[in-house]
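# Chains, contacts and geometry: an overview
So you can see what is in the structure, the chains are spelled out below.
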Amino acid sequence: MNEASLRRHALWLVLLAAAGAFALTMGVRQTMGLFLSALNTSTALGIGSISLAFAFGQLWWGLTQPFAGAVADRIGAGRVVFLGVLLVAIGTLITPLMTSTAGLIFAIGVLAAGGAGMAGPSVLMAATTRLVPAEKRGLATGMVNAGGSFGQFAMAPIAVGLTAAVGWAGAMQWLGVLVLLALPAAWVLKGNSNAMAAASAAASGTKPLSARQAIGQALATPSYRYLSLGFLVCGFHVAFLATHLPGVVAACGLPAEVGGWALAMIGLFNIVGSLAMGWAVGRWRMKSLLSLVYATRAIAVLVFLLAPKTTAVMLVFAAVMGVTFLSTVPPTAGLVAKMFGPANMAMLFGIVMLAHQVGGFLGAYLGGYVFQATGNYDIVWYVDIALAAGAALVHLPIREARLPRAKLVAA
């Protein structure tokens, strides 16, 4: 086997490891909304209280990622992914045993969500960016993102089938076991980006930034702040759908299995959206692609609210939402990499993901709160439309340019 073939096989191994790990952690995490009603029946805590546990998980998933990214940048992505997968498994396994709001917050919000954050997009995208050639990064991040989408597509019907076979508690625990299949990815993704960036900086006569300097530079950059603000809106939208779409289906008077298939449709068409976006990155301006995605969301939600609530309409709506669901990730990660380079990439993208999950907390919690107070989700849908329209506009002033690096000073 020649050197080119070896490089090609190594590239595919990296993509398979990162996409596979994301598929399992995201797939398990995104199907948890299917168990919301069963958790409520079992614990009698109320939809609002259980939504708080899911919402805390959204926030904690985001809070974990900058720190997980900083650690991965220094000691290696593989170790962080390994620990993260174990925590997802433990949190998912013990969730059916929890009978209080605090217990659900600990299992769903701290262990499972924290582990998914450690084995989540900031660490996986940064590892992929480090291990693949620069000209293939857009398509590579799109493929990794598609892995998460495939996980949701595959896990939703699996969760529905397991629930029918062994009950909701057994189904959730089997999902916790399945996520352990991601452990081998830790070995493939070993290594850290800071060592590579330091070598590259020395060769080019520049000085790599420390973590503190990198954060300061990023927060002082208007384009980075606009990007984070837009991603907050993405988190609101995604978390609301992931947590409450089965409830929306039930509120429309449709059979419960439609909720599982709607989540599966989101996952399936998110594969299409992620791969298409990965291909588009590098061919069009990334900020324009992001504006298009957010504008599409606003229009699609408005049309859904005006349309009759049939099974066909629900599945078509889920498909459109799937195309836009996580297709924001490749251009968002691409903009961070373009502005700041590979050094501290996991940490800086992790901060953007934190903004995403602040929005996720609001989407998951307000969905449950509004439904409990009003008996429907209409207010949240209108808020989602307004936020999506605002996000489409806030990306327009972003500047797509690499920021300057400090030169090394001769001794």
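Rules and cut-offs
- Residues numbered from 1 in each chain as written.
- Predicted model: local features only at pLDDT ≥ 70, side-chain atom pairs only at ≥ 80, totals over all residues.
- Heavy atoms only, no water.
- Helix = DSSP H or I, 4+ residues; strand = E, 2+ residues; numbered from the N terminus.
- Buried < 20%, exposed > 50% of the residue type's maximum accessible area, 1.4 Å probe, protein only.
- Contact = heavy atoms within 4.5 Å.
- Areas by Shrake-Rupley, 256 points an atom, 1.4 Å probe, with all protein chains shown as cover.
- Expected span 1.5 Å × (residues − 1).
- Bend = angle between axes of the 7 residues up to and from the residue.
- Axes fitted to C-alpha atoms, helices over the stretch in contact; angles between N-to-C directions.
- Parallel < 35°, antiparallel > 145°, perpendicular 65-115°, else oblique.
- Left-handed = near helix turned anticlockwise from the far one by under 90°.
- Nonpolar A, V, L, I, M, F, W, Y, C, P; charged D, E, K, R; others polar.
- pLDDT = per-residue confidence, 0-100.
- Polar contact = N/O pair within 3.5 Å; in protein donor to acceptor, adjacent residues only side chain to side chain.
- Patch = residues over 30% accessible without salt bridge, like charges linked within 9 Å, V, L, I, M, F, W, Y side chains within 5 Å.
- Salt bridge = Lys/Arg side-chain N within 4 Å of Asp/Glu carboxyl O.

This part covers the overall build of the protein. Of regular secondary structure, the protein possesses 17 helices and 2 strands. In the protein, buried positions account for 55% of the 411 residues. Contacts in the protein between residues at least 24 apart in sequence constitute 85% of all its contacts with a sequence separation of at least 6. Entry remark: accessible area of the protein is about 16,100 Å², with carbon and sulfur atoms responsible for 72%.

It is worth spelling out unusual backbone geometry at this point. The backbone of A44 sits at a positive phi, close to 60°, despite the residue not being glycine. Position of A44 among the secondary structure elements: in the loop between α2 (36–43) and α3 (47–75). According to the relative accessible area criterion, A44 is exposed, its value standing at 66%.

In this model, α3 (29 residues) spans 41 Å end to end at C-alpha, consistent with the 42 Å of a helix rising 1.5 Å per residue. Largest kink in α3: about 30°, centred on Q65, with the proline P66 one to four residues after it. Looking one or two residues beyond α3, the residue adopting positive phi is G76, at roughly 115°.

All right, on to the packing of α2 against α3 then. Two elements in contact, α2 and α3, have axes whose closest approach is 10 Å; the angle formed by their N-to-C orientations is 125°. Considered as vectors, α2 and α3 are oriented oblique to each other. Crossing geometry of α2 relative to α3 is assigned as right-handed. Seen from α2, the contacting residues are L36, L39, N40 and T43; seen from α3, they are I47, I50, S51 and F54. Taken together, the residues of the contact of α2 with α3 sort by class into 5 nonpolar, 3 polar and no charged.

Mean pLDDT over the protein stands at 83; residues scoring 70 or higher make up 89%. Contacts for the low-pLDDT stretch residues 201–205, under 50 throughout, to residues beyond four places or in other chains number 7 contacts. Segment residues 406–411 is flagged for pLDDT under 50; beyond a separation of four residues in sequence, or across chains, it makes 11 contacts in the model.

Checked against the element boundaries, Y377 lands in the loop between α16 (345–374) and α17 (378–394). The spatial distance from the C-alpha of Y377 to the C-alpha of A251 is 8.6 Å, given a sequence separation of 126 residues.

For the rest of this paragraph, the subject is the side chain of S223. Relative to the elements of secondary structure, S223 occurs in helix α11 (residues 222–251). What makes S223 buried here is its relative accessible area of 6%. A polar atom in the side chain of S223 sits 2.8 Å from the backbone nitrogen of R399.

With respect to the helices and strands, G390 occurs in helix α17. Classification of G390 as partly exposed rests on a relative accessible area of 33%. The sequence separation of G390 and A295 amounts to 95 residues, and the corresponding C-alpha distance is 8.7 Å.

Moving on: a nonpolar patch on the surface. Judged by side-chain polarity, V166, W174, V177 and L180 come together as a nonpolar surface patch covering roughly 350 Å² of accessible area. Checked against the element boundaries, L180 lands in the loop between α7 (137–178) and α8 (185–188). Given a relative accessible area of 33%, L180 falls into the partly exposed group.

Take the packing of α3 against helix α4 (residues 77–94) next. Between α3 and α4, the shortest axis-to-axis distance is 7 Å and the interhelical angle comes to 135°. Our classification of the angle between α3 and α4 gives oblique. Only A77, R79 and V80 of α4 make contact with α3, whose side of the interface consists of A68, V71, A72 and I75. Of the residues that constitute the contact of α3 with α4, the class distribution is 6 nonpolar, no polar and 1 charged.

The next thing to look at is the side chain of S327. Positionally, S327 belongs in the loop between α14 (311–325) and α15 (329–340). Judged by its relative accessible area of 1%, S327 is buried. Polar contacts involving the side chain of S327 include one to the main-chain carbonyl oxygen of T324, which spans 3.5 Å. The residues touching S327, leaving out its near neighbours within four places in the chain, are N145, N270, G273, S274, M277 and V293.

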